[in-house]
Amino acid sequence: MKIPNMLDAKKRNKNEVKYTEYNVDFNNFGENKKFYVRTYGCQMNEHDSEKIKGMLSSVGFKSAEDINDADVIILNTCAIRENAHDKVFGFLGVLKHMKQSNKNLIIGLCGCMAQEEGVVDEILAKHKYVNFVFGTHNLHRLPNLIKENMDTDKQVIEVYSKEGNLIEGMPVKRASNYKAYVNIIYGCDKFCTYCIVPYTRGKQRSRNKDDILKEVNKLVKEGYQEVTLLGQNVNAYGKDLNLGYDLADLLEEVAKTNIPRVRFITSHPWDFTDRMIEVIKKYPNIMNYVHLPIQSGSDKILKLMGRRYTREEYKTLFDKLKKIDGIAITTDIIVGFPGETEEDFLDTLDIVKYCQYDGAFTFIYSPRVGTPAAKLFEKDQTTLEEKEQRLYRLNELINDYSLMSNKRMVNNTYKILVEGLSNKDGMMYGYTETNKLVNFKGNEDLIGKIVNIRIIDAKSFSLDGELVE
Ligand code: 5AD
Ligand code: SF4
């Protein structure tokens, strides 16, 4: 049994990252069994789930459409806020019930929650029916762990606090045939004081550019229309490799593969260079869309958060990005960080008015065990009610600006990558280059194609359009 430890997870070593090729030498031990994977959290987790499905398929498991038909259920979890935890523990209760009527059901838990000491302790103490737990650093060990559990019928817990080698060539079962995630950097060394990611995902480790380009070129051959380069902080790409090759260089080479659309998330303002902006401007197939989390508009709070920029520095970067033709910029904002006063909050509203974001994800601060801000939270005076009020006021403003930016698009024509049928009858949906959701009347032949759509109506969170022949 290997269980995680936050203090170890926090340590950073200078060891060079080693790369290992994925390899399983199992027979088809999953034959005649079906899996179901439930994913919580960010795109990184979504992509990890694609690898989980890929690995399971490679040892004979089939995918179950319905969770009730599954022999193996895996929860790929998120630890970013307490409500993510609550959802998972709530769902574990449902699974416990399912297991009472199906003794052979195998239940696994992985992802960021598995990296937390407290969670593993709780599973050991109260959730004996969970068959196996593995962390973010040993995703590739999944086939071994399921097999071990099937062979021994004992609970298997294998979570490492420290990152191991970077594994290349894991099988992937992608959710889409048109758009794909490609990891470029794992982990994060920013240690923003509220954030658990540097503990659950380990130190910053970049993939080799040749491996990345090989993956993208393969996707191009397979007809993929869009790649999203993934990292907790993509703008730090290459820093750990010391080769003088950074995200600007990588974006340029990825653009030259001629994949129609290149995206990248998430950006940390501190690592955003002028060269990156120039490259985005230069290549039409690098999408004019940037997700640029600000977190707060108050210099005092930004400092407490350890964000390494002031509001003026953020604005300067924002202004430079705004000069990119037709660009859309979205952000993340936390309200109620410990010590945030009404005045600090007004600074946040003020910068939102300045930036007029196309959209934003907004959150109430949630204390994470082991992070520096959790200690500040113990002395925090602001009530939850006040924080909820702030969130409400912030969302009103954010939604006004989203609607305004969407309304400006009405009567203009945009390129949409069509993704599928929306819930509404005969309506299709897809995304603009600026990552805006558009619904329009069309047929299924269009899925996976880039089409011209004229926008006819705008809402806060989506647009209605019509096909332009
Ligand atoms: N509480 C609330 N929001 C958080 N985020 C990260 N950690 C926390 C936390 N402890 C938000 C940040 C980040 C986004 C992914 O989640 O805004 O950008
Ligand atoms: Fe968390 Fe900050 Fe790293 Fe983003 S940059 S993952 S918010 S520590």
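First, a word on what this report is: a plain description of the structure on this page.

Scoring rules and cut-offs
- Residues numbered from 1 in each chain as written.
- Chains lettered and ligands numbered in written order.
- Predicted model: local features only at pLDDT ≥ 70, side-chain atom pairs only at ≥ 80, totals over all residues.
- Heavy atoms only, no water.
- Helix = DSSP H or I, 4+ residues; strand = E, 2+ residues; numbered from the N terminus.
- Rg over C-alpha atoms; globule rule 2.2 N^0.38 Å.
- Buried < 20%, exposed > 50% of the residue type's maximum accessible area, 1.4 Å probe, protein only.
- Contact = heavy atoms within 4.5 Å.
- Areas by Shrake-Rupley, 256 points an atom, 1.4 Å probe, with all protein chains shown as cover.
- Lys, Arg positive; Asp, Glu negative; His and termini not counted.
- Charge placed at Lys NZ, Arg CZ, Asp CG, Glu CD.
- Pairing = 2+ DSSP bridges.
- Axes fitted to C-alpha atoms, helices over the stretch in contact; angles between N-to-C directions.
- Near = heavy atom within 4 Å.
- Nonpolar A, V, L, I, M, F, W, Y, C, P; charged D, E, K, R; others polar.
- Polar contact = N/O pair within 3.5 Å; in protein donor to acceptor, adjacent residues only side chain to side chain.
- Core = buried A, V, L, I, M, F, W, Y, C linked by side-chain atoms within 4.5 Å.
- Parallel < 35°, antiparallel > 145°, perpendicular 65-115°, else oblique.
- Left-handed = near helix turned anticlockwise from the far one by under 90°.

**Digging into the overall build of the protein chain**
Next, step 1: Broken down by element type, the protein chain carries 14 helices and 21 strands.
Next, step 2: In summary, the protein chain has a C-alpha radius of gyration of 23 Å against a globular reference of 23 Å for 469 residues, a match within 12%.
Next, step 3: With the C-alpha coordinates of the protein chain rotated into their principal frame, the extents come out at 60 × 60 × 50 Å.
Next, step 4: Looking at the 469 residues of the protein chain, the share that counts as buried comes to 54%.
Next, step 5: Residue pairs at least 24 apart in sequence account for 76% of intrachain contacts in the protein chain once pairs closer than 6 positions are excluded.
Next, step 6: Surface accessibility of the protein chain: about 21,300 Å² in total, with carbon and sulfur atoms responsible for 49%.
Next, step 7: On the protein chain, the mean spot of the 67 positive side-chain charges and the mean spot of the 67 negative ones are 2 Å from each other.

**Digging into the sheet that holds strand β16 (residues 359-364)**
Next, step 1: A sheet is described by the order of its strands in space; here 3 strands give the open sequence β14-β15-β16, paired in parallel fashion. Every other strand in the sheet has two partners, leaving β14 (289-291) and β16 as the edge strands with one partner each. Taking the axes of each pair of neighbouring strands and ignoring which way they run, one obtains an average angle of 10° across the sheet.
Next, step 2: Taken together, the 3 bridges between β14 and strand β15 (residues 328-335) define a ladder with parallel strand orientation.

**Section: the site of ligand 2**
Next, step 1: Taken together, Cys-188, Lys-190, Phe-191, Cys-192, Tyr-194, Cys-195, Val-197, Pro-198, Gln-232, His-268 and Arg-307 make up the full set of residues adjacent to ligand 2.
Next, step 2: Of the residues that constitute the shell around ligand 2, the class distribution is 7 nonpolar, 2 polar and 2 charged.

**Remarks on the site of ligand 1**
Next, step 1: Every residue close to ligand 1 is listed here: Ile-80, Arg-81, Tyr-194, Gln-295, Asp-332, Ile-334, Phe-363, Ile-364, Tyr-365, Ser-366 and Arg-368.
Next, step 2: Arg-81 has a polar side-chain atom sitting 3.0 Å from an oxygen atom of ligand 1.
Next, step 3: The contact in question runs from a nitrogen atom of ligand 1 to an N or O atom on the backbone of Tyr-194, over 3.0 Å.
Next, step 4: For ligand 1, the protein covers 86% of the area, taking 400 Å² as the surface of the free molecule.
Next, step 5: Of all elements in the fold, only β15 and β16 reach the threshold of two or more residues within the shell around ligand 1.
Next, step 6: A per-class count over the shell around ligand 1 returns 6 nonpolar, 2 polar and 3 charged.

**Notes on the nonpolar core**
Next, step 1: Formed by 56 residues in total, the largest nonpolar core has its most connected members in Leu-229, Phe-264, Phe-272 and Leu-321.
Next, step 2: The dominant element in this core, judged by the number of residues it contributes, is helix α8 (residues 247-255), at 6 residues.
Next, step 3: When near neighbours in sequence (up to four residues on either side) are disregarded, Leu-321 contacts Phe-272, Ile-277, Val-290, Leu-292, Ile-327 and Ile-329.
Next, step 4: Core analysis: the second largest hydrophobic core is formed by 33 residues, Met-6, Ala-9, Val-88 and Val-159 among them.

**Re the packing of helix α11 (residues 311-322) against helix α12 (residues 342-355)**
Axes are the key here: two packed helices are described by the angle between their axes and the distance separating the axes.
Next, step 1: Between α11 and α12, the shortest axis-to-axis distance is 11 Å and the interhelical angle comes to 15°. Classed by the angle they form, the pair α11 and α12 counts as roughly parallel. In this structure, the crossing between α11 and α12 has a hand that is right-handed. Here Arg-311, Tyr-314, Lys-315, Phe-318, Asp-319 and Lys-322 of α11 lie close against α12, whose contacting residues are Asp-347, Asp-350, Ile-351, Tyr-354 and Cys-355.

Nothing here speaks to function; it is geometry throughout.
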